[in-house]
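Working through the structure, step by step
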Amino acid sequence: MSSPPYLLTLLAHIDHGKTTFSDALLSTLSSALNPKSVGLARLLDSTDEERRRGITIRLSHTSLVFDPEKFQLSNLLIPPPKNANLTIIDSPGHHDFQSNVGRALNITPSSVLLVDSLEGVRARTIGVIAQSVKVQNTPLLVLNKCDKNLDTLRGTISQINATTATLTKYSSEQMQENYQFKPETDGVIFAAATQCWGISFKDYIRLLIRRNNKFQDYSNPPSSNHNTVAPSKINFNKLLSMCYDPKKIIKWDPQANKISVYKCEIGEGTFDFAFPSFVKGIIEAPTASSALAHLSETNLIPRQVLEILQSAKNLKLGHEIMRHLFPLAKTTVRAIITTFEPPTPHSSYKNKTYLTCEGTRLVDSRDVIGDVKGEIDNITICRVWDERVNDGDILWTLKEGEWKESRVRVMEWKENSFKCVESVEAGRCCGVWFESVVNCDIACMNRENKVKREKPVENEDKPISITVRPEKEADRSDFETALNKFTLLEDAQVVVTERGEVVISSGGEVEMENLIHDFRELYSNVSIIVGERRISYRESVAMFPNEVHGYKAPVDAPRKALGQFTCTPWNTILGDCEESGWIVKNGTCNCIIGGNNVKMSVYPRAWLWEGDTADTDVDEVENDKIKFNSECKDWAVEGENWCGGRKNVEFTKEVKESLIAGFREATKAGIVAEEPMHGVVVVFEGLGVEEVEEVEEVEEVEGEPIPPPPPIDVGGHFISQISKSIRLACLSRPCRIAESYVRCDFQSGVTSLGAVYDTVSKRRGKVIEEIMVEGTEMITIVVALPLSETTGLTNELLDRSSGEASAPMMAFSHWQLMSLDPFWTPTTEEEREEYGEGLKRGDKSTGIANVAQGAVRKVRRAKGMVVEEDKLVDGADKQRNMKKKK
Ligand SMILES: Nc1nc2c(ncn2[C@@H]2O[C@H](COP(=O)(O)OP(=O)(O)OP(=O)(O)O)[C@@H](O)[C@H]2O)c(=O)[nH]1
Ligand SMILES: [Mg+2]
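One structure accompanies this document, and this report is about it. In this text, all values refer to a predicted model and were calculated from it rather than measured experimentally.

What counts and how
- Residues numbered from 1 in each chain as written.
- Chains lettered and ligands numbered in written order.
- Predicted model: local features only at pLDDT ≥ 70, side-chain atom pairs only at ≥ 80, totals over all residues.
- Heavy atoms only, no water.
- Helix = DSSP H or I, 4+ residues; strand = E, 2+ residues; numbered from the N terminus.
- Contact = heavy atoms within 4.5 Å.
- Areas by Shrake-Rupley, 256 points an atom, 1.4 Å probe, with all protein chains shown as cover.
- Near = heavy atom within 4 Å.
- Polar contact = N/O pair within 3.5 Å; in protein donor to acceptor, adjacent residues only side chain to side chain.
- Nonpolar A, V, L, I, M, F, W, Y, C, P; charged D, E, K, R; others polar.
- Donors = N, O, S within 2.8 Å, 3.2 Å for Na, K, Ca; no water.
- Buried < 20%, exposed > 50% of the residue type's maximum accessible area, 1.4 Å probe, protein only.
- Expected span 1.5 Å × (residues − 1).
- Axes fitted to C-alpha atoms, helices over the stretch in contact; angles between N-to-C directions.
- Left-handed = near helix turned anticlockwise from the far one by under 90°.
- Phe/Tyr/Trp six-rings, centres within 6.5 Å; stacked < 30°, edge-to-face > 60°.
- Parallel < 35°, antiparallel > 145°, perpendicular 65-115°, else oblique.
- Pairing = 2+ DSSP bridges.
- Core = buried A, V, L, I, M, F, W, Y, C linked by side-chain atoms within 4.5 Å.
- Salt bridge = Lys/Arg side-chain N within 4 Å of Asp/Glu carboxyl O.

Re the overall build of the protein chain
Each helix and strand in the protein chain was counted, giving 25 helices and 35 strands. Here the analysis covers contacts within the protein chain between residues at least 6 apart in sequence; of these, 72% occur between residues at least 24 apart. As displayed, the protein chain has an accessible area near 42,300 Å², and 49% of this comes from carbon and sulfur atoms.

Here it is as structure tokens:
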């Protein structure tokens, strides 16, 4: 029986070599693969789609058992368990599938961060580090593709450390420490996954020292600057840190039998020069014998080892020698054992295997058939990560930080319902019913194996949506069954709108394409029609440019603003508003609902949208919160919206609850295009009973108490009216639309830069960074681009750069407010002169490129809402009736 596994997730930007790395481990630790097939077999990319695209889409894992003695690792400070088990999960590097990475991270305490040593930190490298920081998942660092580059190791590590430092800025000191990679430890590996070798800098120093077996204890630090010191006096750790010093070079002097430390110029130190040239001497040698000659010159490899290598006839290249001397699996295993705590053996669970599930969603018991129906109320959909889970096992479950033991029943989805099964194998999805908890976060055999987690995995943004429907209406019931299954087992977000439309959302175009492909191929046996791509926006309000810029908010100038397009809910509210005499002005609304007079104000949280990047200044958010708290009672937060009541006003519990309910309803769907509202603060100023003119004077009779005022009716009508008045108050502020931005990261040759920048600026993109890739003519370009402008970007870049630009890697970056007013029409004399009286469409064809208006129209049209398009035909010729000549 194998021991509990070291569980690790492989993390990296796309194509940095995760799947190849797992191939390399498989080739050494199992007999599944020949080293020559590493990188070609890609065993963990098993689905057809993954093989066709050459990228990882689904999480897949493999469990490897290794014998520490075989690797001569049993003499380590922390002895590894015998027959240790290493379970690695290969995750996708493509941004669209980032939620899969989050799921893997949530069930593994540690990870391996791979970075291409030449490309360095890329968009998804930042993304995966952020995801890993969120769940406090400690990583090892593997600088991969060292066969291509060994010249910029220091720079790449500094770049990675700078990135992790920024991302752990607000974490504990321990976390900040864990995320600083030190090349002088075993936790940083320099590897060539395709060649199956991996060496740590410490390995190289070990060679230096092991040159003479007498040098085992190094206690005193040497003095630098040409002083030669006996190695026996050197403290190993001190020595390592000296070796990393760019101004010192350390050499073994065979004649004097001493280690000498010399002062040197930057870039000539041990780490920057001696170590890379040692490796290069081997791998760049044209033949195995010249590589061996280099090794014997360096005098670092014991003669016996060299002789063994010389006699091995099958060695053709230096890479093969590297693989023999420093097998990647061994370096990795050593790094894992020395960096991570050993998994606790679960001796109390003899005869039972290790299991981890990941709870995702609840299913109603109506979906279950079989003998268990009566006792089952909720089923959690789980994925089994290791070995198998048996029906009736007792598992440890974690929910809201609390561990609890619970018996489980396991079932599999078969023909539209869950059926109990005896056991479920690793890698499979299943339904699990927990006897004593509902929807736990994770479940496993041994709770000590799990690290504590502060937050659940992030709720990823899925900005791209499309609608699907069955081709024939008669197939709807089959379609819905398929959809049900799809929702349960795939990582898609599926929403059925009020209009009955089925909307599938995803993180990007590739994920969407893949989801639709899977839905068609695996789930739905009826033909489906896929609608147009839909992008979500957010709605907000801006500050008061009214007085400053002569701005007229729609409420103050209904006709002009509405000339642009009909905004149905607005009209309805306006009607109500006129009838009931609500006073709406500059973000406040004073309304009378059922005899109550409610006053509220709406403020924009303007800072939320300031700046071009996602990193909102946390201090500023805090300041705003303090300001809000000093004047108001903080009641509720809904997304990025806040609501509260004035401090000096008392609201009863029922009134407060109804006001919050109204606020929630109003912010769920904004007034302009029913998109969610963001960055809005609603303050309830007061509530009173309206003074009605003909109120009977209540005569005060001496001695009798004054009758209390009539109770305030705070039912459904009150809530909906509050919601309407909040939306109306929002509309009396300048309305704004926010769009989501992606960070695109690609490379281009210098010659095609002009065409590339032209493409980017045409799509309203902004260049954030340009970095020359060292030793090449290529430039890495990072741009922020609105998501709506990314359709077809890859092809356009390729076309315009004649194939020189690489396909852009996109990752969600931030939401940004459009400065344009979607209600804008020419009002001043000059504007009318320039743009004319006529109504203009919100697109570029008419001279006014009002992107905000265009976006609103698009969303409204997609949602089936009324859109009053420009009916005027500018400069149209007189229409003629074409009579057919007989
Ligand atoms: N030269 C060199 N190429 C490598 C190395 N490791 C991987 N590659 C190549 O890099 C490419 C991508 O490797 P993969 O293993 O598919 O990368 P991945 O990180 O799994 O990619 P995704 O799953 O799509 O995120 C392949 O063409 C590999 O052959 C390496 O050590 N050296
Ligand atoms: Mg892969």
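That shown, we press on.
What to know about the site of ligand 1
Lining the immediate environment of ligand 1, one finds 18 residues, of which T19, T20, R42, T56 and A193 sit closest. At 2.9 Å from an oxygen atom of ligand 1 is found a main-chain nitrogen or oxygen belonging to G93. Within the backbone of A193, an N or O atom sits 2.8 Å from an oxygen atom of ligand 1. No other element matches helix α1 (residues 18-29), which puts 3 residues into the shell around ligand 1. For the shell around ligand 1, the per-class residue count stands at 4 nonpolar, 8 polar and 6 charged.

Remarks on the coordination of the magnesium ion (ligand 2)
For the magnesium ion (ligand 2), the full set of protein donor atoms is T19 (OG1) and T56 (OG1), and the range of their distances to it is 1.9 Å. One end of the pair, T19, is in helix α1; the other, T56, is in the loop between α2 (48-53) and β2 (60-66), with 37 residues separating them in the sequence. Summarising the burial analysis for this pair, T19 and T56 share the class buried.

What about α1?
Here α1 spans 16 Å end to end across 12 residues, near enough to the 16 Å set by a 1.5 Å rise per residue. Among the 12 residues of α1, 11 are classified as buried, and the element is accordingly described as predominantly covered. For α1, every residue scored as buried is listed here: K18, T19, T20, F21, S22, D23, A24, L25, L26, S27 and L29. Each element contacted by the buried residues of α1 is listed here: β1 (5-11), β2, β3 (84-90), β4 (110-116), β5 (138-144) and α13 (328-339).

Notes on the packing of helix α3 (residues 98-107) against helix α4 (residues 123-134)
Between α3 and α4, the least distance of the axes is 10 Å, while the angle of their chain directions is 35°. Both α3 and α4 take part in a crossing whose hand is right-handed. Of α4, the residues touching α3 (which contributes Q98, V101, G102 and L105) are R124, V128, Q131 and S132. In terms of residue class, the contact of α3 with α4 is made up of 3 nonpolar, 4 polar and 1 charged.

Observations regarding unusual backbone geometry
In this model, D15 sits at a positive phi of 65°, which is unusual for a non-glycine residue. Position of D15 among the secondary structure elements: in the loop between β1 and α1. Here the phi dihedral of E674 falls at roughly 55°; this positive angle occurs in a residue that is not glycine. Inspection of the secondary structure assignment puts E674 in the loop between α20 (653-668) and β31 (680-689).

Focus on the packing of aromatic side chains
Counted according to the given criterion, the structure contains 11 aromatic pairs. Summarising the aromatic geometry, the rings of Y204 and F278 are spaced 5.3 Å apart at their centres and angled 50° between planes, so their arrangement reads as tilted. Of the two residues, Y204 is situated in helix α7 (residues 201-210) and F278 in helix α9 (residues 270-283); the sequence distance between them amounts to 74 residues. Both residues of the pair, Y204 and F278, count as buried. Between the aromatic rings of F271 and F275, the centroid separation amounts to 6.2 Å while the plane-to-plane angle is 20°, which identifies the pairing as stacked. With F271 and F275 both in helix α9 and 4 residues apart, the pair spans about one turn of that helix. Summarising the burial analysis for this pair, F271 and F275 share the class buried. Here a set of aromatic residues connected by ring pairs shows up, and it is made of F190, F201, Y204, Y244, F271, F275 and F278.

Topic: the environment of N299
Along the polypeptide, N299 turns up in the loop between α10 (288-298) and α11 (303-311). A relative accessible area of 25% means that N299 is categorised as partly exposed. For N299 and L207, which are 92 residues apart along the polypeptide, the C-alpha to C-alpha distance reads 9.4 Å.

A look at the packing of α4 against helix α5 (residues 153-167)
In a packed pair of helices, the relevant descriptors are the angle between the two axes and the axis-to-axis distance. Between α4 and α5, the shortest axis-to-axis distance is 10 Å and the interhelical angle comes to 45°. When the interaxial angle is binned, α4 and α5 end up oblique. Crossing hand, α4 versus α5: right-handed. Here α4 contributes I126, I129, A130 and V133 to the contact with α5, which in turn contributes T163, T164 and L167.

Here's the deal with the sheet that holds strand β22 (residues 493-496)
Reading across the sheet, the 4 strands line up as β22-β23-β21-β24 and stay open at both edges, with antiparallel pairing between neighbours. Here the strands that pair on one side only, and so sit at the sheet edges, are β22 and β24 (528-535). The sheet shows a mean angle of 25° between the axes of neighbouring strands, direction not considered. As paired elements, β22 and strand β23 (residues 502-506) share 4 bridges and run antiparallel to each other. Its bridge partner lying in β23, V494 is registered against I504. In this fold helix α15 (residues 509-523) packs onto β21 (464-470), β23 and β24, with an angle of close to 130° to the strand it touches most, β23.

Some details on the nonpolar core
Among the nonpolar cores identified, the biggest contains 62 residues, and F190, F278 and I321 are the most heavily contacted of them. For this core, the leading source of residues is α9, giving 7 residues. F190 has contacts with L143, C146, L153, I157, P183, W197, G198, I199, S200, F201, F271 and F275, leaving out every residue within four places of it along the chain. C735, V760, L787 and F823 belong to the second-largest nonpolar core, a separate cluster that totals 46 residues.

A word on the sheet that holds β3
Within the open sheet, the 7 strands sit side by side as β2-β3-β1-β4-β5-β6-β7. Their pairing is mixed. The open sheet is flanked by β2 and β7 (197-199), the only strands paired with a single partner. Sheet twist, expressed as the mean angle between neighbouring strand axes with direction ignored, is 30°. As paired strands, β4 and β5 are joined by 7 bridges and run parallel to one another.

Some remarks on the pattern of salt bridges
Here the structure, examined in full by the defined rule, presents 22 salt bridges. In this structure, R154 engages D272 in a salt bridge whose closest nitrogen and oxygen atoms are separated by 2.7 Å. With R154 in helix α5 and D272 in helix α9, the pair connects residues that are 118 residues apart, well separated along the chain. Under the relative-accessibility criterion, D272 is labelled partly exposed at 23%.

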